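# Summary of the model geometry
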Amino acid sequence: MNFLQQVFVLLSTPPGNLIYHLVLLFALSFALGQVWVNWRESRFPQQRRAMGGLLLLLLLQVGLFLISGLGWQGVVNLPVFLPPLQRALSFLMLLWVTWLWLFPEPSTPGDTLTILASLAVAIGALFGLANWGEIPPGTPYNQTFQAALWGWVSLFWSLAGLALLILRRPNGWEFGMAFFLLMLSGQVLSLLLEHGGDYAGGIRLAELAAYPLLLALANRFPHQGQQKPLPRPSAATEAGEKPVERRRYSADPKAVHALLELGSDLEGSKLHLAMARAVAQVMLADLCFLVFSGDDGRQIIFAAGYDLIREEPIEGASVPREMAPMLASAVQRGRPLRLPASSTSADVRGLAQLLGLEQIGHLMVVPIQTLEREVLGGLLLLAPYSNRQWTAEDQTFLSNIASDLVPLLQRHRRVLEFQEYQAQVAQLNEKLKGLENERATLQMQVEALKGEIEKARLGEARAQEQIQELTRLLAESQQALQELRAQNVELEASLQRRGTSEEVRQLERELRNALIEVARLQNQLGESNARILELEDALKHAPSQRFAEQAEVIASTAQELRQPLSSLMGYVDLLLGESVGTLSPMQRKFAERIKASIERLRSLVDDLIQLTLIESGLASQKPQAVDLNKIVDAAISYTSAQMRERNITLHLELPSELPPLYVDPDAIQQILIHLLQNATMASPVEGEIRLRVEMKEENGREFILLQVSDSGGGIPEEDLPRVFTRLYRAENVLIQGVGDTGIGLSLAKSLTESNGGRIWVHSDPGIGATFNVLLPIARL
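Heads up: these notes are all about the structure in this document. Just so it is clear, the structure is predicted and the values come from calculations on it, not from any experiment. As a convention, each chain's residues are numbered from 1 in the sequence order in which they are written. For this predicted model, a pLDDT threshold of at least 70 governs which residues receive local features, and a threshold of 80 or more governs which side-chain atom pairs are given and counted, while totals over whole chains, interfaces and linings are taken from all residues. The side-chain values count all of the structure's non-hydrogen atoms but skip hydrogen atoms and water molecules.

### Points about the pairing of strand 6 (residues 363–369)
As a reminder, the rule being used: In this scheme, a residue with accessible area under 20% of its type's maximum is buried, one over 50% is exposed, and one in between is partly exposed, where area comes from a 1.4 Å probe on protein chains only. Secondary structure elements follow DSSP: runs of H or I no shorter than four residues count as helices, runs of E no shorter than two count as strands, and numbering proceeds from the N terminus. When DSSP finds two or more bridges between two strands, those strands count as paired.
Of all 7 residues in strand 6, 7 are buried; the element is thus mostly enclosed. Neither face of strand 6 is exposed, since Leu363, Val365, Pro367 and Gln369 on one face and Met364, Val366 and Ile368 on the opposite face are all buried. Sheet topology places strand 5 (residues 337–339) next to strand 6; 3 bridges connect them, and they run antiparallel. Bridge assignment links Arg338 to a residue of strand 6, and that residue is Met364. Sheet topology note: the strand 6/strand 7 (residues 375–382) ladder contains 7 bridges and is antiparallel. From the neighbouring strand, Pro367 faces strand 7, where its bridge partner is Gly378. The hairpin turn running from strand 6 into strand 7, its antiparallel successor, is 5 residues long, and Arg373 in that turn takes a positive phi close to 70 degrees.

### Things to note about the pattern of salt bridges
In plain terms, the rule: Within this document, salt bridges are pairs made up of a side-chain nitrogen of Lys or Arg and a carboxyl oxygen of Asp or Glu, the two lying within 4 Å of each other.
Inspection of the entire model under this criterion finds 8 salt bridges. Residues Arg690 and Glu653 are paired through a salt bridge, measuring 2.8 Å at the closest nitrogen-oxygen approach. With a gap of 37 residues between them, Arg690 in strand 11 (residues 688–698) and Glu653 in strand 9 (residues 649–653) connect regions that are remote in the sequence. A relative accessible area of 35% places Arg690 in the partly exposed class. For Glu653, a relative accessible area of 31% corresponds to the partly exposed category.

### Focus: the nonpolar core
Put simply, the rule is: Note on terminology: a nonpolar core comprises buried Ala, Val, Leu, Ile, Met, Phe, Trp, Tyr and Cys residues joined through side-chain atoms within 4.5 Å. It only takes one pair of heavy atoms within 4.5 Å for two residues to be counted as in contact.
Core analysis: the biggest nonpolar cluster contains 59 residues, and Leu28, Leu54, Leu57, Trp101, Phe179, Tyr211 and Leu214 have the highest contact counts within it. For this core, the elements supplying multiple residues, two or more each, are helix 2 (16–42), helix 3 (45–72), helix 4 (78–102), helix 5 (108–132), helix 6 (145–168), helix 7 (173–193) and helix 8 (201–210). A per-element tally of this core places helix 4 first, with 15 residues. Excluding residues within four positions of it along the chain, Leu214 makes contact with Leu28, Ala31, Leu54, Leu57, Val97 and Trp101.

The following block contains the structure:
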């Protein structure tokens, strides 16, 4: 025990502690140098990872050595901060050594845990420095609570590292186990035997014995100087002659390019198989695969493969990213990757399971990417039979081959995209033809309806003529009756004056004849009145019934148009979303035009249905108390895209409080949408639209006035009476200053009147037009 305590004191005080620092520095430097040499030969990512960890350890040890040297020279006051700092740095180095032994390959959980633990050590060091200043001077650091805490934390960390190392068993895990056992013995000795002094001599003694074992990190993975592919036996070898070194390649990249040009006209998997076979033959690789990354990044697609030893193709497959994470990352990011057969990564296990092999040998992946760094795929080489180790020279040679595959893959992809576009265009054409047929049928029905309406109007005109004729006859009958009554009065007067019997009889006969004529005229008058009532009733009901039946036919036909329109819209959205391939600028432009036309046609069909139902009396309004602010917001949101396309500025004027309206909310929203769309189309590009809402009072009743003003230059006065009609488009030219080219304004008028309001337009020549909608306010 006394001997150990003397050793502890020697390693904790000058000049013995100088030996401690120099041994650790030399051990880390030699380990880093050896790993660097091996990395230059193999270029394995594991060696680069080990270099990073060793470099960090070396920097920490150099920093601790410099601080200690400054203290020995009296530049800084060592007892003030060095004991807690040295204990924290010692544990931090143990933490990163654990990382080096346990995670030789990238591991997101392991890397994250190590970084978080390092941050916790840094915070603990700051607290330790702050607390050390409060301890009475002369108190040995080893007798403090924080020294004991660092000792126990280091002990438990070493135990956890040893347990994980035994479970994971990475390459060279035996040396790691020896490292942790040495550190555990030093930590136990320090906790049991050291009760004085400021430094942990037991831990330093363990570090002197354990850190030289880090030299084994350089040999955890094979490198070019360690392992070479075994040549196959030949007749010359059996005869005792010196074996000839096995060729690494069977052709140069130009030969590969010429070979692939012969198969460039192949399609699909045949071209991929030709590529894999050519690369395997040139690289003398046991297995060669052409791999791609899935569209969602969660799949790795093995398009084709070739087994050079068995000389047979390997079927393609799609595997999840979790089965080969490093391979997926290399292909997606366009970075080469080489893994040794002894790697503990999930890629080695996953590929062995996929191919049904016990081990896949050494692995090399080279991306296939354009000059613009666009990754098209990757070439994967495996050596499960020959155990060939891939070198940096092999990687460069394979990269040259991959560059020759770029034009072929690009042309193949363009061909596939063109075929997909052709199929989609054909489907769209079929849908458009069906839609055109439906449109023609609907147009014929509309024309037939127009003819029926015209007939009804002619019948109404004839009925009006008959009513006028009967009214004239009735007036003549009334006049004749008045004349007869006047004659009757004259006869009675004459009878009273003359009084002769003959004259009386004569007058009686004339009076009787007059009364008969009066009765006949009265009967004729009654028949005329009955005929008038019949004509008026027929005029009211017959045309409206025919119109209602025809309106139902139109509404049903238009309803059937919605399904193909929705299908067309779905296909166009599929194209624009590029879920089936990337669109060129010209293709995207055409697809957007098709989408705009479909939306326009669907809007016209909806307007036609609603207007037909309203005029036929089949539409029912659902009035309710509504908040006008919500309706205005919805209408502006619906038309905002159209305004942005024309760079239109909208000015909104709303009062702070608005009473509720007792109207149909959908109808009022459609009125605003049609008025805003009309103002947008009537206004020039970069024009202005103003939407104003205010309260009005007329004849003791309160109303809300909606005004939509545009900057389209106004409407000529002679065209104002036909702004709200819906037949002028077929008979006259378009009205200047009106943006609506369909039935939107006519529908707005019908909806306004059906909700108890009225609509009119006011025009300012040279400025624009203002559409006004007056609606009654609900009083609940």
